[in-house]
Amino acid sequence: HLDAISNYKRVRALLSSLMNWAENEQWIASAKSLLPPKRKDSNGNKVTYKPRESAPATENVLELARAALAPRHYDNPNANQGFVLPAYWSLMFLVAGFCGLRGGELWALKGKHVDGEKLHVREQVQFLKGGAIQISAPKYGSKRDAFIAQDVGEFPLRELLAQRAKEVGPEGLLFPSKSGN
């Protein structure tokens, strides 16, 4: 039971961060509507998570993945109207929502880590002060294999990950930043 709670908390925290970012980028109207609120008692104190209540719903994650593929339109006439991010951003949201990784583990995934129905979680990216990054073993040394669902909604997740791994090659990052890191 504790593993389920910590996994749900991890997924919720990662998706919450990604959804807040998506809201700031105007991909979605409100990140708050996509995740259930954190539970609090009548005094405002945090209440222990109940996995089924605190986990993002499948449809919420799918909505974010769809939004990543849609053209974005801004009120600012100088903005790049109709701009669509690379498809791997949609894939990143699906992996974040359905594979149970921590944020640093997600950013560290390489082509060689995709293996059929498994993701080999072997390292993480840590963001240090001053903008530096460090690659290290996953938190608590938890090198493991994460299950990849066959299909998630209309997205063939295993197929999309295999295709992305082939695109970037064994040492290429699945979800690089604009600078390629």
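Quantities reported herein were computed from a predicted structural model and do not represent experimental measurements.

**Student:** If you had to explain a nonpolar patch on the surface to someone new, which residues and values would you point to?
**Tutor:** Residues F127, I133 and I135 make up a contiguous nonpolar surface patch of roughly 320 Å² in combined accessible area. Relative to the elements of secondary structure, I133 occurs in strand β4 (residues 133-136).

**Student:** So, the sheet that holds strand β2 (residues 118-121): which residues are in play, and what are the values?
**Tutor:** Within the open sheet, the three strands sit side by side as β1-β2-β5. Their pairing is antiparallel. Taken across any chain shown, the strands that pair with only one partner, and hence form the sheet edges, are β1 (114-115) and β5 (144-147). Summarising the sheet, β2 and β5 pair through four bridges and their orientation is antiparallel. When the bridges of β5 are listed, H120 appears paired with D145.

**Student:** Explain the nonpolar core to me, using residue names and the numbers behind them.
**Tutor:** Membership of the largest hydrophobic core comes to 33 residues, with the highest contact counts inside it found for V95, L101, L106, L119, L157, L161 and F175. Those elements that place two or more of their residues in this core are α1 (2-24), α3 (58-69), α4 (88-98), β2 and α6 (157-168). Top element by residues in this core is α4. It accounts for eight residues. Residues within four places of L157 in sequence aside, it is in contact with L91, L94, V95, F98, C99, I148, A149, Q150, D151 and V152.

About the cut-offs
Residues numbered from 1 in each chain as written. Predicted model: local features only at pLDDT ≥ 70, side-chain atom pairs only at ≥ 80, totals over all residues. Heavy atoms only, no water. Patch = residues over 30% accessible without salt bridge, like charges linked within 9 Å, V, L, I, M, F, W, Y side chains within 5 Å. Areas by Shrake-Rupley, 256 points an atom, 1.4 Å probe, with all protein chains shown as cover. Salt bridge = Lys/Arg side-chain N within 4 Å of Asp/Glu carboxyl O. Helix = DSSP H or I, 4+ residues; strand = E, 2+ residues; numbered from the N terminus. Pairing = 2+ DSSP bridges. Core = buried A, V, L, I, M, F, W, Y, C linked by side-chain atoms within 4.5 Å. Buried < 20%, exposed > 50% of the residue type's maximum accessible area, 1.4 Å probe, protein only. Contact = heavy atoms within 4.5 Å.

The analysis is restricted to geometry; functional conclusions fall outside its scope.
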